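The primary structure of each chain is shown beneath.
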Amino acid sequence: MDTGLESRRDPERLLKKASKEMKGKLTVFLGAAAGVGKTYAMLENAQERLSEGADIVIGWVEPHGRKETEALAVGLPRIAPRRMEYHGKVLDEMDIDAILTKHPEIVLVDELAHTNIAGSRHVRRFQDVEELLNAGIDVYTTLNIQHVESLNDVVERITQVTVRETVPDSILENADQVQLIDIPPADLIKRLKEGKVYIPGQVERALHNFFRPGNINALREMALRFTAHRVDQQLNEYMHDHAIEGPWPAAEKILVCVSASPFSAYLIRITKRMAAGMKADWYAVHVETSHRAVLGDQDRERLARNLHLADELGGKIMSISGRDMVEELLLFSHTENISHIVIGKPLKNRFWEWLTGGALVDNLIRKSGGIQIHVIQGKKSAEPIAKVETVTKSQPRCWKYYMGGLAMMGGLTVFCLFMKQLDLVNIAMLYLLPVLLSAAWWGRDPSYVTAVCTVVVFDYLFVPPIMSFSVLDIRYIWSFIIFLLVAFISGGQTERLRKEALFAQQQEKRIRALYEFSREMAALVDLEAIVERLAVKASQALERSVVVLLPNQGGKLEIRSSGNTDHCQTEFARDASEFAVASWVFEHGQVAGRSTETLPSAQFLYLPMNVRGKTIGVLGLHMVEKSVTPEQRRLIDAWATIAAIAVERIHLATEASQAALVAESERLGAALFNSISHELRTPLATIMGSASTLLDQEIHIPKEAQVELKENIKDSALRMERIINNLLDTARLESGVMNIKRDWCDMEDIMGVALQRLVERLKNRPTKVEIQGELPLIKGDCVLLEQVLVNLLDNAIKYSPADKLIELRAFVEDTKLVVSVADQGVGIPEEALEKVFEKFYRAGGSSIAGGTGLGLSICKGIIEAHGGTIWVVNLPTGGTRFTFMLPLNQSEVNIG
């Protein structure tokens, strides 16, 4: 198989390329340092595009007082900056909303690494640029090489200057074009001295610090290497796209171990550079073990910051849980085909490592097999060690636990004093029991206290000399040491098992909550009920206030449900900015709010509920902490996903129901049209023909023929009346506005009136009426019940031969009045027996055409409205019997 063609057809690659085509194009003017002419080159390019007729505007350009740059900006349309107040000063900032409103073809945004003024939509300017690109606007921007995130620590070592403002490498990796702007160091220093870079007061300080010739050359080399790497990447993409064969070696994969240590950021940057040099994918993996599950506030925030750094640098973030860190790392490595593992060299001594579970690096190297291990020298952190732990609080130690251990020891001591036959070895073994039981029941600290007290009592009461703390035989010292070792080991292991059990319980609780909601979601069909259960379950699982926002009919977000407390409604009612953040998330389909870098001043973290590429709602969580752990983020994302699926299922069910209703309406409409057009056309033609014949003066019509024509007109008019009445009755039944006028009715009278209405059609036709016994009165609508009998008799007349008997019977059975109409026609096919009461359904088998298929459905509706039932059966001798049954105690039936 052609590997080049196969690569070119890679679905993920094609999807990524297609999604990129929908966004704006990013052009980055990259320089080694300030003053090389990046802004000047960007403006020159913009002037050329303007002369070509392009719609280009200046979103933000900082000329730094350079006259040449200011002159080059003349003639370019400019978006006025937004004025913001910060610490009592009014400052200018790029107005991203005005740019989005104007929506030019190209916008110039200088200084990509700039940090926005507090209160802006985004913390960083590169986030503004990403929003412009997502809106389909092309962006020209400038950047210095020292602001690239993966090179941050290298720049610091070379220049001894810490660069605070950095840009994720992914921004440049996804840029459509990177133009390197470079000048020799001598020319740059000359420009500095001429005052073309900084104001005169800053020139001397810059020349002695950052802009030394050695620094400039090093930064130039970094910029050139970065650009060369990008050119190489573009060449590879070209070969892939055009199926050019070449050497495609197996890809390397690198894994870096990430923890809450500040040293992890250094490891992440090293791994990024290694991956870039090896053209390899890389993973940032955090292993959460039971004894590391509890983190302090500072550790938790640092861990989240480290993982966020890895994400910005293009690494794949993974957080896994397990008992043994080495085993979990190697298991993941073998699963993902990892070839290199980067880990920091521990700063603690070997004894402490062995005491806390063994040397991690040694175990990893010994068990790694063919995986290459890169051990990086660590350095001590200048940050203070976190003292506060708020994620999971340990259970407070109760004084009863300590007293329980001492009580067991005291009882055992009394027992040993009375048992004179016990020697010291047996007593020492017995004294292990309270130590072990205290460790198993109450934890490490009660075990320690019990062990120390046991050693003291054992020495004082049983070890010679008795009633003294002195020891004659040195061998008893070993007993004391054993007691302490047992207490340390059993207590420590018990504490670890407790943490593991607590961690497992938390995991089980979260998974169970997801499972229970998924199961409930399948049974619920009401949107309000699902949203309410979602808020409650998510609040319980995440242990924080949850709010679900969905668009109303006007498309505006509104709170549909909240969980845990009423804090959500209170917060939203008090602060309209929360609604603004939620609306932005709904509009853009991106995460924003607290613990993010987009609108971080909000009190809630907002996640879009995305399904099938569209946002159907917003899930908000009240956040106290400024950052969340990977485990928390995965759980939050899971709830956002399942919430989106739950809401979308209701929307799809509603759409499906509406589609089915429309299809049914179209089907019924077509059937109605066909039926009405046929049924009305026949009697109408008869009426028109008969009336025309009677009105024609030139035709002599005998009196007998005139009577027959008049009867035809009357019969056809009655037939049209029945059709129209059936349509009206069907409409009333469907709309639920048919009112049952309850009154005492005599079924014998109803049967007589129905037969009288059809007397013309029953003329010369055998008819049998059978009434068994005296029929009681029933309470119902006499007119509607008469209509039922008329429809059933009409159906029997229509679908049975003229010489066959029609039988009408009525009798009482238990507490029910039973009425039936039987004919001796061709019958109804067995498969149609359950369908004859459906609207517009006409069973085959009769040579007589006609009927709208509404008469029997009306009968069913009327009988059921009276609390009765109606059915049909085929007779063994041929024909059918329609039977309906009405309850006699009509006072208990809800009629109308």
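Located above this text is the structure these notes cover.
Residues numbered from 1 in each chain as written. Predicted model: local features only at pLDDT ≥ 70, side-chain atom pairs only at ≥ 80, totals over all residues. Heavy atoms only, no water.

Asks: Describe the sheet that holds strand β7 (residues 177-181), and please don't skip the residues or the numbers.
Replies: Read across the open sheet, the five strands follow the order β2-β5-β6-β1-β7; overall the sheet is parallel. Only two strands of the sheet have a single partner each, and these edge strands are β2 (56-60) and β7. Each strand axis lies, on average, 20° off the axis of its neighbour in the sheet, ignoring direction. Pairing of strand β1 (residues 26-31) with β7 involves five bridges; the strand directions are parallel. Of the residues in β7, the one forming a bridge with F29 is Q179. Lying over the sheet, helix α3 (residues 38-51) contacts β1, β2, β5 (106-109), β6 (138-144) and β7, oriented at roughly 160° with respect to β6. Of the strands in this sheet, β1, β2, β5 and β6 touch helix α6 (residues 125-134), which is tilted by about 180° from β5. (Pairing = 2+ DSSP bridges. Helix = DSSP H or I, 4+ residues; strand = E, 2+ residues; numbered from the N terminus. Axes fitted to C-alpha atoms, helices over the stretch in contact; angles between N-to-C directions. Contact = heavy atoms within 4.5 Å.)

Asks: Go over the pairing of strand β9 (residues 281-288) with me, naming the residues and quoting the values.
Replies: Within β9, seven of the eight residues are buried, leaving the element largely enclosed by the surrounding structure. The sheet contact formed by strand β8 (residues 253-257) and β9 spans five bridges and is parallel. Looking across to β9, one finds that K253 is bridged to D281. Crossover connection from β8 via helix α12 (residues 263-278) to parallel β9: handedness right-handed. (Buried < 20%, exposed > 50% of the residue type's maximum accessible area, 1.4 Å probe, protein only. Right-handed = clockwise from strand over helix to strand, strands pointing away.)

Asks: Provide a residue-level description of empty space enclosed by the protein, including the pertinent values.
Replies: Where empty space is left can be seen by rolling a probe of water-molecule size over the atoms. A full pass over the atoms with the stated rule returns one cavity of 30 Å³ or more. Each pocket or cavity is described by its volume, and for the largest cavity that value is around 50 Å³. For the largest cavity, the full set of lining residues is R82, E93, M94, I96, N116, S120, R121, H122 and D128. Considering only residue class, the lining of the largest cavity consists of two nonpolar, three polar and four charged. (1 Å grid on protein atoms, 1.4 Å probe; cavity = no way out; pocket = protein on both sides within 12 Å on 5 of 7 lines; lining within 4 Å. Points joined across faces, edges and corners; volume = space filled by probe spheres on them. Nonpolar A, V, L, I, M, F, W, Y, C, P; charged D, E, K, R; others polar.)

Asks: Give me the lowdown on the sheet that holds strand β10 (residues 316-321), citing residues and values where you can.
Replies: Strand order across the open sheet formed by five strands is β10-β9-β8-β11-β12, with parallel pairing between neighbours. Pairing within the sheet leaves two strands with one partner each, and these edge strands are β10 and β12 (372-376). Going across the sheet, the axis of each strand differs from the next one's by a mean of 25°, ignoring polarity. In the sheet, strand β11 (residues 340-344) pairs with β12 via five bridges, with the strands oriented parallel. The partner of I341 across the bridge, within β12, is I373. Packing against the sheet, helix α14 (residues 325-336) makes contact with β8, β9, β10 and β11, and its axis sits at approximately 150° to β9. Packing against the sheet, helix α16 (residues 360-367) makes contact with β11 and β12, and its axis sits at approximately 165° to β11.

Asks: Which residues make up the nonpolar core, and what values go with them?
Replies: Ranked by internal contacts, the top residues of the largest apolar core, which has 61 residues, are L108, L143 and I145. With five residues, helix α11 (residues 213-241) is the single largest residue contributor to this core. Those residues in contact with I145 that sit more than four places away from it in its chain are L30, G31, A32, L151, L219, M222, A223 and F226. By size, the runner-up hydrophobic cluster in this structure holds 42 residues, among which are L755, L784, L789 and F882. (Core = buried A, V, L, I, M, F, W, Y, C linked by side-chain atoms within 4.5 Å.)

Asks: Tell me what's going on with the packing of helix α17 (residues 399-418) against helix α19 (residues 432-442), and back it up with residues and numbers.
Replies: Packing of α17 against α19 brings their axes to within 9 Å, and their N-to-C directions diverge by 155°. Relative to α19, the element α17 is oriented roughly antiparallel. Of the two possible hands of crossing, α17 and α19 adopt the one that is right-handed. When α17 is examined against α19, the residues Y401, G404, G405, M408, M409 and L412 are found in contact with a partner set consisting of P434, L437, S438, W441 and W442. Each residue belonging to the contact of α17 with α19 can be placed in one class, and the counts come to eight nonpolar, three polar and no charged. (Parallel < 35°, antiparallel > 145°, perpendicular 65-115°, else oblique. Left-handed = near helix turned anticlockwise from the far one by under 90°.)

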